[in-house]
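If you want the building blocks of each chain, they are given just below.
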Amino acid sequence: MTLRVYNTLGGEKQLFEPIEAGKVRMYVCGPTVYDYCHIGHARSVVVFDVIARYLRRRGFEVTYVRNFTDVDDKIIRRANETGQDPGVLAARFIEAFYTDMDALLVERADHEPKVTEFIQPIIDLVQRLVQRGNAYTVDGDVYFDVTTFESYGKLSGRRLEDMEAGARIEVDQRKRHPHDFALWKAAKPGEPAWDSPWGRGRPGWHIECSAMSSTLLGDTFDIHGGGKDLIFPHHENEIAQSEAASGRPYVKYWLHNGFVNINHEKMSKSLNNFLMIRDVLQRHYPEAVRMFLLSSHYRSPIDFTPEAMAEASAKLTRVYTLLRRLTGRTPAAADKVDGSPFWHRFTAEMDDDFNTAAGIGTLFEAVRATNQLLDAGNADQGEIALNHGAILRMGQVLGIATGDAEAYFKSQARDIDPARVEDLIARRTAARKARDWAEADRLRDELTAMGVAIEDRPEGTVWRMAD
RNA sequence: GGCGGCAUAGCCAAGUGGUAAGGCAGCGGCCUGCAAAGCCGUUAUUCUCCGGUUCGAAUCCGGAUGCCGCCUCCA
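Owing to the predicted nature of the structure, the values given are computational and were not obtained by experimental measurement.

**Here's the deal with empty space enclosed by the protein**
Okay, so step 1: Summed over all chains, the structure comprises two cavities of 30 Å³ or more.
Okay, so step 2: Of the volumes computed, that of the largest cavity is approximately 50 Å³.
Okay, so step 3: Lining the largest cavity are V47, V50, I51, L293, L294, S296, Y298, F354 and T356.
Okay, so step 4: Of all the secondary structure elements, the ones that give two or more residues to the lining of the largest cavity are α1 (39–57) and α8 (286–294).
Okay, so step 5: Considering every element that reaches the lining of the largest cavity, the biggest residue donor is α1, with three residues.

Here's what the structure looks like:
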């Protein structure tokens, strides 16, 4: 089986062949920590979380780096607005990042570097670029000269001459070329600053990713990921810096995830419709959010709407309903999953550019097949156990339905007293035993009014919150 | 102006040359005291439109229309 990935560099699906056999080194652009993370951050982080999980499941030894940009214009501006220390502000939102992402069941990366911890490698890199003639100094700033890097534009498919530089923003006249960008910025009074050969200053935007990735992964590595918006200028500039400095290819495969729209609109400052993860999690179960995020291909735009989330929740409930049905009945044959046709199909789909949407389709085929077997009663327990194992493993890769089924259903009960529910169910069971259908139905109506749905099973009555 | 993407059933969404996955909703049935859950059947002779290539196209090519993104330190 072969893994194919869509490489932004080249604009096509390509056979994935790691630089070093059996090992994958990947770097994903993390957040600039000046505010809480929104649902768009969640998509990027969850998508690459699943990619890392799948690559590991597939047997690769993965080194995963996801950074924090903790010194930056936006952080300084926000700190000034609110009268805080930029460092304190950044630290607070790094903590908030972990709160949100832990809630979303995102696994930690192997390295989670902060820019402020990599100042020296950044200075070294800028210095090398100056020495090699790719950068020049102006008033304590250092700029990268884009005309010295002949393949500038190869990632985003642009040519310098085609771009209307300065069409929408004023060009700093001190720059030699409108697209030259800052590697190092002279610090204004009160801003975070470090000593450098060019005076007190701080890193420009793009340089930190080049420095951190090369320090932790080497000059050339396998996968670099991030949101589509980072293709230009951020990743284009990273390539220019890194390849100019090392003389070697920077990244073999560039992966970019699509955006999340909110009720058919782009999230934007002007619309002020940024949807924060913490707010989403007030209303929705974390795995339902992952189900929503992974139900479309990672490169497609997706639309966050109440309907879409309701659907994602319903899908998650369907999986958990089966898992609850299996609880204490047929244990999963975890060690035999490699032989499962469902797992086999799932891997083929994930091998095709991490097609989680198709993979989830297979997950549901496995769910239906297993329900069928359970309905049949006299079915082969081995097949049920195998399906059970495959469903759990698919869930582990996706980070969906990884918890205890009973706990899932109980967690949905926010304002409900479980003891009262159990009491009503017990009374109804007694009424049913006495064939007092009127009383049984009255008790069920009472539960329904509470938002509780019940299911009479051979083993007894179970309940959950109605959708 | 430059670059790129997308248009598949009521809704969401896979499918990149071989005859339309999956989920939600709907309808009919089985099961059930009645339900719920589950299962079965049904729901696109068809993939925005028009041409073309091919034995064969949702899938490739050309054109049209519509929507969207990037070129603004927005994931």
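**A few points about the sheet that holds strand β6 (residues 141–144)**
Okay, so step 1: Pairing within the open sheet is antiparallel, and its four strands lie in the order β5-β6-β7-β8. For this open sheet the edge positions go to β5 (135–138) and β8 (201–203), each flanked by a neighbour on one side alone. The mean inter-strand angle of the sheet, taken between neighbouring strand axes irrespective of direction, is 25°.

**Considerations on the pairing of strand β1 (residues 4–7)**
Okay, so step 1: Alternating residues of β1 divide into V5 and N7, all buried, and R4 and Y6, none buried.
Okay, so step 2: Bridge analysis of β1 against strand β2 (residues 12–15) gives four bridges, and the strand direction is antiparallel. Paired with V5 across the strands is Q14, a residue of β2.
Okay, so step 3: Between β1 and β2, which pair antiparallel and follow one another directly, the connecting turn spans four residues, one of which, G10, has a positive phi of 115°.

**Quick word on the pattern of salt bridges**
Okay, so step 1: Applying the stated criterion across every chain, the model contains 37 salt bridges.
Okay, so step 2: The shortest N-O distance in the salt bridge between R174 and D139 comes to 3.0 Å. Taken as a pair, R174 in the loop between β6 and β7 (181–186) and D139 in the loop between β5 and β6 lie far apart in primary sequence, 35 residues in all.
Okay, so step 3: When its relative accessible area of 34% is taken as the criterion, R174 is described as partly exposed.
Okay, so step 4: A salt bridge links D338 to R393; the shortest N-O distance between them is 2.8 Å. Within this pair, whereas D338 is found in the loop between α9 (306–326) and α10 (341–351), its partner R393 is found in helix α12 (residues 381–398), the two being separated by 55 residues in sequence.
Okay, so step 5: Residue classification places D338 among the exposed positions, given a relative accessible area of 61%.

**Digging into the protein's contact with RNA strand B**
Okay, so step 1: Neighbouring residues of RNA strand B: 58 residues in total, closest K185, K266, E365, Q372 and R444.
Okay, so step 2: A share of 60% is what sugar and phosphate atoms reach among the atoms of RNA strand B within 4 Å of the protein.
Okay, so step 3: With respect to RNA strand B, the side chain of R158 contributes an N or O atom lying 3.3 Å from a sugar or linking oxygen.
Okay, so step 4: Taking R428, its side chain carries an N or O atom lying 3.4 Å from a base oxygen of RNA strand B.
Okay, so step 5: Of all the secondary-structure elements, those providing two or more residues to the surface near RNA strand B are α1, α2 (73–82), β9 (221–227), α9, α11 (356–376), α14 (418–433), α15 (437–449) and β14 (452–457).
Okay, so step 6: It is α11 that contributes the most residues to the surface near RNA strand B, nine residues altogether.
Okay, so step 7: Here the surface near RNA strand B is composed, by residue class, of 11 nonpolar, 19 polar and 28 charged.

Reading the values: the criteria
Residues numbered from 1 in each chain as written. Chains lettered and ligands numbered in written order. Predicted model: local features only at pLDDT ≥ 70, side-chain atom pairs only at ≥ 80, totals over all residues. Heavy atoms only, no water. 1 Å grid on protein atoms, 1.4 Å probe; cavity = no way out; pocket = protein on both sides within 12 Å on 5 of 7 lines; lining within 4 Å. Points joined across faces, edges and corners; volume = space filled by probe spheres on them. Helix = DSSP H or I, 4+ residues; strand = E, 2+ residues; numbered from the N terminus. Pairing = 2+ DSSP bridges. Axes fitted to C-alpha atoms, helices over the stretch in contact; angles between N-to-C directions. Buried < 20%, exposed > 50% of the residue type's maximum accessible area, 1.4 Å probe, protein only. Salt bridge = Lys/Arg side-chain N within 4 Å of Asp/Glu carboxyl O. Near = heavy atom within 4 Å. Polar contact = N/O pair within 3.5 Å; in protein donor to acceptor, adjacent residues only side chain to side chain. Nonpolar A, V, L, I, M, F, W, Y, C, P; charged D, E, K, R; others polar.

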